[in-house]
Amino acid sequence: MSDNLAKAILIVDDNPTNRKLLRMVLAAEGYRIYEASHGVEALTLLEQHPVDAVVSDILMPYMDGFRLCVAVRKSGRFGRLPFVVYTCTYTSPGDERLAYQLGADKYIRRPGPARVILEAVNELCVRPRVAGPIRAEEYAEPGVTKAYSEALVKKLEERNAELARTASHQESLVGISHLALASADLGTLVDEVVRLVTQTLNVEYCGYWEVVPAEQRLLLQAGTGWKAGVVGQATVSAIASDSQAAYTLQADRPVVVEQFPTEQRFHGAPLLSDHGVCSGLSAGIHGTHAGLGVLSIHTATTRHFEPDEVLFLQSAANVLAAAIDRFQAEEDLSAAKRSAEEAMSAAQEANQAKDRFLAVLSHELRTPLTPVLALVSRLQKSPSLSEEMQANLDLIRRNVEMEARLIDDLLDLTRIIQGKILLDKRAVDLAPILHRAVEVCWPDAQARGLQVSTELGDTPCLIEADPARIEQVFWNLIANAVKFTERGGVRIRCFTEDGWAVTEVKDRGRGIEPQALGRIFDAFAQADPAVVRQFGGLGLGLFISKSVVEMHGGTIEAQSAGRDQGATFRVRLPLMPAQAPRASPGIGRIEDAGADRQAGCLRLLVVEDHPDSLEMLRLLLELQGYEVQTAGSLAAALEAAGRQGFDFLISDLGLPDGSGHDLMRELRSRGHKMPGVALSGFGQESDIEQSLSAGFAAHLTKPVDMDGLVAAIEKVVART
């Protein structure tokens, strides 16, 4: 390397990558490097810098390597410089002779290792030219000039032909690509690709061999030029390598055969010999995950396939592979879509079945609670009950009401998930709602020895809300605070802040672990499994509360310092604009509009198929002073109505021979105008709407509180 430190090499090539590669190889040997991109630039550099050798490509713009070599040799100043030419274009024996005739010292074909050029430079720089002086005119001899001109014309013609073929190939590939994108049928696409390949490459035979995985064979699925009955029938093994198609698929590269009659590798494909095939070219069609097939062409005469033809066929095969992948993906997507639609349909059916089940379950669970609650109501009115018995009855009432609320929670969960909760919004004051929620929870707090304090302020907190639903939210929060607090008390505070009505429910109970704060508002979530064992519950109250608050445009959040540190729940609801009218203190319960009315003048027809409920309703209504006639079925009710007139109808909706809706409609059709109240274990909004549409004035959900039933009767009567 040290011998080369003072020596300079001029590299001439219009390709920057080639120059960079040669510069790296020669510089590593210690040569100083000059670079030029064509012959004209090289001559300028030679005038400015002394060099020890020239290494030049042949095909370049402005002045090619042959003309540069002649110009160097004609120069009296550097005519004896060692000159190396390399080329991947002028590669025939005649081109090599011409290079030496024009004065080159070394001729090297590319592509090839760059080290071959390095070895030539080393040899020429160590053994410089020793011949006598070169006369420029010897390079102007007519024979050499003519040979150079003929070579140049030939290369230009070859290049033009190559460019024309390339343009034709590109045009066909564009057409194939458009077909691949636009075609809706794989069979049609394959036929068109085969036709275009045959036309573009001008061959007698073209075939698309499709992999049939189940049979481990390749099937000639489409083609041109073959005898009748061959396409769609001819097959070769996909796992053996004795056919060109199978060999191509396994090799994962294009395969060229110039002489099939003498080819020893592919003896297992008599199809080609039967058709007199001489030459062939094949390219594999490889999808994303597996080999899909082979695209092949064959000729009846011997043919040398050019590199650009090989590239074209492989490109066409690649486009076809992408198209097949697309068709497969679309088919998989369509199948997945069908499966998803079927799953969605099944899920909807299951969901509807679940809703029906929950509704029926609700009805069946509520119905037995009605006589229990009615009996408790009757017993509690007795003045002779001891304090202990009153406490026991309170216990029964609270648990019956708790059972009813658990049933309501299950139904509310379904309504929320399906988006079927309908809000009856109006202007209300938050304070009466909070008072009512505290009133409902007060017996439980007293039983646990807890204090419940409220700080509601003097300014009304006017909000637009469904009062019953908002009461449900605060009942849940206060009931939880009472349930999880063993000593001390619960504090409820309400105030306004920046356009919001803010309510805080704070307890000193068992608190919430930090890791549980993020999931306590999830359906069926419990902060601690031990809570379920100790306190019970479904884990739906906070989920329902959060959903209801958000439906009102508000927020709810929980805070706790951890276990045994208590918890604070903060509800924010948007205040109504200042100009809104002051709300009524009522919270949407049935008013006692007819409390002063004498009940004894009302004749009631009570229809219920549950004997215990029917008997208890009769007894309690008679104690209220009503005249009561009972019926256990639709037919019995119609018969009773036909015998005598009634002022009011109270009917269960689930009757053994029809429904309460059918009863009301039939009574109306017979001219009876009596108002009515529907009783049902079904309490969704759609159930209420259906009852009102059938002619009932009100719909009460079981278990029915007797005071609520009487209030409903009197309110309806007061309106009529």
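Right above here is the structure, for reference.
First, a word on what this report is: a plain description of the structure on this page. (Residues numbered from 1 in each chain as written. Predicted model: local features only at pLDDT ≥ 70, side-chain atom pairs only at ≥ 80, totals over all residues. Heavy atoms only, no water.)

## Points about the nonpolar core
Here is step 1 of the chain: Core analysis: the largest hydrophobic core is formed by 44 residues, its most contacted members being Leu430, Phe474, Leu477, Ile478, Ile492, Ile520 and Phe569.
Here is step 2 of the chain: Among the elements of the structure, helix H12 (430-447), strand E14 (462-465), helix H13 (467-483), strand E15 (489-497), strand E16 (500-507), helix H15 (541-551), strand E17 (555-559) and strand E18 (567-574) are those that each provide at least two residues to this core.
Here is step 3 of the chain: A total of 9 residues in this core trace back to one element, the largest contributor, which is H13.
Here is step 4 of the chain: Each residue touching isoleucine 492, except ones within four places of it in the same chain, is listed here: Leu434, Val438, Val452, Ser453, Thr454, Glu455, Ile478, Thr503, Glu504 and Val505. (Core = buried A, V, L, I, M, F, W, Y, C linked by side-chain atoms within 4.5 Å. Buried < 20%, exposed > 50% of the residue type's maximum accessible area, 1.4 Å probe, protein only. Helix = DSSP H or I, 4+ residues; strand = E, 2+ residues; numbered from the N terminus. Contact = heavy atoms within 4.5 Å.)

## Overview of the sheet that holds strand E25 (residues 698-701)
Here is step 1 of the chain: Spatial strand order, E20-E19-E21-E24-E25: 5 strands in an open sheet with parallel pairing. Among the strands making up the open sheet, the edge pair consists of strand E20 (627-631) and E25. Direction aside, neighbouring strands of the sheet carry axes that sit 20° apart on average.
Here is step 2 of the chain: Pairing of strand E19 (residues 603-607) with E20, which is carried by 5 bridges, proceeds in the parallel orientation. Its bridge partner lying in E20, arginine 603 is registered against glutamate 627. (Pairing = 2+ DSSP bridges. Axes fitted to C-alpha atoms, helices over the stretch in contact; angles between N-to-C directions.)

## What to know about the sheet that holds E16
Here is step 1 of the chain: Judged by pairing direction, the sheet is mixed, and its 5 strands sit side by side in the order E13-E15-E16-E18-E17 without closing on themselves. Only two strands of the sheet have a single partner each, and these edge strands are strand E13 (451-455) and E17. Ignoring which end each strand starts from, the neighbouring axes of this sheet average 15° apart.
Here is step 2 of the chain: With 5 bridges connecting them, E17 and E18 associate as antiparallel partners. Across the sheet, residue isoleucine 556 finds its bridge partner in E18, namely valine 571.
Here is step 3 of the chain: Sheet strands touched by H13: E15, E16, E17 and E18. Its angle to E16, the strand with the most contacts, is close to 25°.

## So, the packing of aromatic side chains
Aromatic ring pairs are described here by two measures, namely the spacing of the ring centres and the angle between the planes.
Here is step 1 of the chain: Applying the stated rule across the entire model yields 3 aromatic pairs.
Here is step 2 of the chain: With a centroid separation of 6.2 Å and 85° between ring planes, the pair formed by phenylalanine 521 and phenylalanine 569 is classed as edge-to-face. One end of the pair, phenylalanine 521, is in the loop between E16 and helix H14 (529-535); the other, phenylalanine 569, is in strand E18, with 48 residues separating them in the sequence.
Here is step 3 of the chain: Over the face of the ring belonging to phenylalanine 327 we find arginine 326, whose NZ or CZ atom lies 4.6 Å from the ring centre.
Here is step 4 of the chain: Sitting over the ring of tryptophan 500, arginine 572 keeps its end group 4.7 Å from the ring centre. (Phe/Tyr/Trp six-rings, centres within 6.5 Å; stacked < 30°, edge-to-face > 60°. Lys NZ or Arg CZ within 6 Å of the ring centre and 35° of its normal.)

## Re the side chain of threonine 87
Here is step 1 of the chain: Within the fold, threonine 87 resides in strand E4 (residues 83-87).
Here is step 2 of the chain: Aside from chain neighbours lying at most four places away, what touches threonine 87 is Asp57, Ile58, Tyr107, Ile108, Arg109 and Arg110.

## Some remarks on the packing of H13 against H15
Here is step 1 of the chain: Two elements in contact, H13 and H15, have axes separated by 9 Å at closest approach and are oriented at 145°. Here H13 and H15 pass one another in a crossing that is left-handed. Residues Arg469, Gln472, Val473, Asn476, Leu477 and Asn480 of H13 lie in contact with H15, whose contacting residues are Gly541, Leu542, Ile544, Ser545, Val548 and Val549.
Here is step 2 of the chain: Classifying every residue of the contact of H13 with H15 by side-chain character gives 6 nonpolar, 5 polar and 1 charged. (Left-handed = near helix turned anticlockwise from the far one by under 90°. Nonpolar A, V, L, I, M, F, W, Y, C, P; charged D, E, K, R; others polar.)

## Let's talk about the pattern of salt bridges
Here is step 1 of the chain: In this structure the tally under the stated criterion is 24 salt bridges.
Here is step 2 of the chain: The salt bridge partner of glutamate 47 is arginine 77, with a shortest N-O separation of 3.0 Å. Here glutamate 47 is found in helix H2 (residues 39-48), whereas its partner arginine 77 is found in the loop between helix H3 (65-74) and E4, with 30 residues between them in sequence.
Here is step 3 of the chain: For glutamate 47, a relative accessible area of 47% corresponds to the partly exposed category.
Here is step 4 of the chain: Residues glutamate 615 and arginine 618 are paired through a salt bridge, measuring 2.5 Å at the closest nitrogen-oxygen approach. (Salt bridge = Lys/Arg side-chain N within 4 Å of Asp/Glu carboxyl O.)

## Quick notes on the packing of H2 against H3
Here is step 1 of the chain: Two numbers describe how H2 lies on H3: the axes approach to 9 Å, and their chain directions differ by 25°. In this view, H2 runs roughly parallel relative to H3, as classed from their interaxial angle. Read as a crossing pair, H2 and H3 show a hand that is right-handed. Across the interface between the two elements, Gly39, Ala42, Leu43 and Leu46 of H2 pack against Leu68, Ala71 and Val72 of H3.
Here is step 2 of the chain: When grouped by side-chain class, the residues that make up the contact of H2 with H3 number 6 nonpolar, 1 polar and no charged. (Parallel < 35°, antiparallel > 145°, perpendicular 65-115°, else oblique.)

## Concerning helix H4 (residues 93-101)
Here is step 1 of the chain: Taken together, the buried positions of H4 are occupied by Asp95, Leu98 and Ala99. Buried residues of H4, seen end-on, are gathered within an arc of 105° and therefore sit on one face of the element. In H4, the exposed residues that point more than 90 degrees away from the buried face are Pro93 and Arg97.
Here is step 2 of the chain: Directly beyond the C-terminal end of H4, a positive phi value near 115° is found at glycine 103. (Arc of directions from axis to C-beta.)

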